[in-house]
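Single-letter residue listing:
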Amino acid sequence: MGEANVTTYLLDRLSEAGVDRLFGVPGDFTLAMLDDVEEHPSIEWVGCANELGAGYAADGYARIRGLGAVCTTFGVGELSAINAIAGAYAEHVPVIHVVGAPATTTQAAGRATHHTLGDGDFGHFARMTAEVTHAQGLLTVENAAAEIDRVIRETLTERRPGYLLIPADVAKAPLPAPDAPLALDAEASDPASLAALHGAVEAAIADASSVSLLAGILVHRMGAEAALHELLALGVPHAVSLWGRRVVDESSAHYVGPYIGAVSSPEALAAVEDVDVLIVVGEQFTDLTSGFFSQHLPETTIEIGPRSVRVGDEVFGSVAMADALAVVGEVLEASGLVGGAADAADAPLAPVTDGAEAAVTPNAEATPEPDALPPPVAEVTAEAAGAADDPLDQAGLWDAVAARLREGDVVIADQGTSFYGMGTHRMPHGVTFIGQPLWAAIGYTLPALLGAALADRSRRPIVLIGDGAAQLTIAELGTLIRDRVPAVVVVVNNLGYTVERAIHGLTAAYNDIAPWNWTAVVKAFDPTGFTRSVSARTAADVTGAFEQYDRLGGQRLMFIEAVVPPLDVPPLLAALAGQASRANARRDD
Ligand SMILES: Cc1ncc(C[n+]2csc(CCOP(=O)(O)OP(=O)(O)O)c2C)c(N)n1
Ligand SMILES: [Mg+2]
């Protein structure tokens, strides 16, 4: 081991926070740092094909592990990663972006240095990044330890990315290893606020005869999943947003499906909109997850945010999400309003109905004009699939994939037909579903799969991605293969941007992509024979590929090219696309 320095200090701190992989692409301003990474006992370098992929990989890693890190070089490298960092910001994912900069003396001389704009200003990129990171540290020899600690602490606390700019000389400056653990600010609730909340929740449910809960992604981000599960174990009917699917166990008898505003299934619509009291926890309504803001919540709503709770017009501050859930649980338990775990868990789920048989209508006053209302989308069961040997279509594909899922899987779905095709399929117990519906960058999922897979090698990683999206980030397939990361990669070959076709330009040439021979592409990326690939034309082909993955002991990368018709659109996407095109065409004048 070389001498302890600023880089080794940073690596020690990252390792202490649970990070064991650093994703990135080298550059001359980071090379000296990377020698220390190579020598570090607990952090491994994962060289990626480009910085955008490395950023997405760090994001996918963080979504499983709690913190991710990416290292790029000044200007050219960091700006390629900035899209990924902005995505992590939007989606509340803690990622540390480490950037190697020209040496302090080079910067002071102000010369036209490579990877700069040539104007002697070395601050352009840090200023750009400041817009999409919560904390920024521009390291000097003097401030390095304090700034590394501050940026990591704030990144973990805020669940937003942090940026560390390290000039090449500062990276190698001597600095002893940390002598005490990183102190994280405790997020303790104010006892008086909690007591007041208790009273307000009691009053809110005093005359209620029904209650249900809607959960969102911030439950995961705030580390409140255990508290949520404890509350749900009381037998509370619940729904999730499409973004927040990972926070509940979708195999629960009390789970009613995703709530997507007006395009929800009748069961989800009734459970969320037609109750006396709704508890909303960790939810941020976005256009794509709320049916373009068509949500209609009951008058009495208890809204639990990351650090505060709103009950009617009253807001209770300084309340941690987990503590708020515990208070609501206490009150609900005492009220007798919820069924009791044992009986309720045995209750059969209401049968899944076709949208046309919708028994429930949304609140009359809140209903938008009839022509703006898409048909509700029914939840789908895996058995609903057509014949296994019929030509593959969207319905058959997602039914076949859903039927093969099992406990422990990490399913990552890209923002094309994949995300919406799987949106109405119930995940088995113990499956983590990851999407990126707010930032919604196509191509995110393949590198995110790399990160998620390396974050927990005991789980089966499955990526569902469109052919257009895969063309953006396919280079990281090479990284997966080089590092021999087993996974199932499903690429939906529908010859273009089908989700865009559904919104506008059904047959327009701008929605076509360059056709690739996908199985040949995989071969070209695979000099060692690590992959198996299948061009799936039927549901039976898809099922067979999953079975083959298992027969190979889950030790290979299984690439499934799922060939489906270009104009075939999952029902949920069709409903949302109609709303999207209306929203895009709307003029306020
Ligand atoms: C980085 C980025 N560029 C462009 C878009 C706009 N966009 C949204 S969906 C989409 C098409 C996705 O097509 P594909 O991945 O093939 O999925 P499909 O719907 O065909 O399954 C595009 C171009 C985007 N969301 N992100
Ligand atoms: Mg496509």
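No experiment lies behind these values; they were computed from the predicted model shown.

Caption draft 1: Up close: unusual backbone geometry. Despite not being glycine, phenylalanine 293 has its phi angle at roughly 60°, a positive value. By the element assignment, phenylalanine 293 lies in the loop between strand S10 (277–281) and strand S11 (300–304). The backbone of alanine 440 sits at a positive phi, close to 55°, despite the residue not being glycine. Relative to the helices and strands, alanine 440 resides in the loop between strand S15 (432–434) and helix H17 (445–455).

Caption draft 2: Representation of the coordination of the magnesium ion (ligand 2) in the model. Looking at the magnesium ion (ligand 2), the protein donor atoms are Asp467 (OD), Asn494 (OD1) and Gly496 (O), and they sit 2.0 to 2.1 Å from it. Along the chain, the residues donating to the magnesium ion (ligand 2) fall in the pattern D-x26-N-x1-G. Glycine 496 shares its class with asparagine 494; the two are buried.

Caption draft 3: Fine view of the nonpolar core. Phe23, Val95, Leu446, Leu450, Leu477, Leu480 and Val489 are the most contacted members of the largest nonpolar core, which totals 49 residues. Sorting elements by how many residues they give to this core places H17 first, with 8 residues. Here valine 489 is in contact with Leu446, Leu449, Val463, Leu557, Met558, Phe559 and Ile560, once residues within four sequence places are set aside. Residues Ala200, Leu228, Ile302 and Val319 belong to the second largest nonpolar core, which totals 43 residues.

Caption draft 4: Spotlight on the packing of H17 against helix H19 (residues 475–482). Interaxial distance between H17 and H19 falls to 9 Å at its minimum, and their mutual angle equals 20°. Taken as axis vectors, H17 and H19 run roughly parallel relative to one another. Regarding H17 and H19, the two cross each other, and that crossing is left-handed. From H17, Leu446, Pro447, Leu449 and Leu450 reach across to H19, where they touch Glu476, Leu477, Thr479 and Leu480. Taken together, the residues that form the contact of H17 with H19 break down as 6 nonpolar, 1 polar and 1 charged.

Caption draft 5: A look at the environment of glutamate 476. Within the secondary structure, glutamate 476 sits in helix H19. C-alpha separation for the pair glutamate 476 and proline 565, spaced 89 residues apart in sequence, amounts to 27 Å. Setting aside anything within four residues of it in sequence, one finds glutamate 476 in contact with Cys48, Ala49, Asn50, Gly53, Ala54 and Pro447. At 3.0 Å, the side chain of glutamate 476 and the backbone nitrogen of alanine 49 are in polar contact. For glutamate 476, the side chain forms a polar contact with the main-chain nitrogen of asparagine 50, separated by 3.2 Å.

Calculation notes
- Residues numbered from 1 in each chain as written.
- Chains lettered and ligands numbered in written order.
- Predicted model: local features only at pLDDT ≥ 70, side-chain atom pairs only at ≥ 80, totals over all residues.
- Heavy atoms only, no water.
- Helix = DSSP H or I, 4+ residues; strand = E, 2+ residues; numbered from the N terminus.
- Donors = N, O, S within 2.8 Å, 3.2 Å for Na, K, Ca; no water.
- Buried < 20%, exposed > 50% of the residue type's maximum accessible area, 1.4 Å probe, protein only.
- Core = buried A, V, L, I, M, F, W, Y, C linked by side-chain atoms within 4.5 Å.
- Contact = heavy atoms within 4.5 Å.
- Axes fitted to C-alpha atoms, helices over the stretch in contact; angles between N-to-C directions.
- Parallel < 35°, antiparallel > 145°, perpendicular 65-115°, else oblique.
- Left-handed = near helix turned anticlockwise from the far one by under 90°.
- Nonpolar A, V, L, I, M, F, W, Y, C, P; charged D, E, K, R; others polar.
- Polar contact = N/O pair within 3.5 Å; in protein donor to acceptor, adjacent residues only side chain to side chain.

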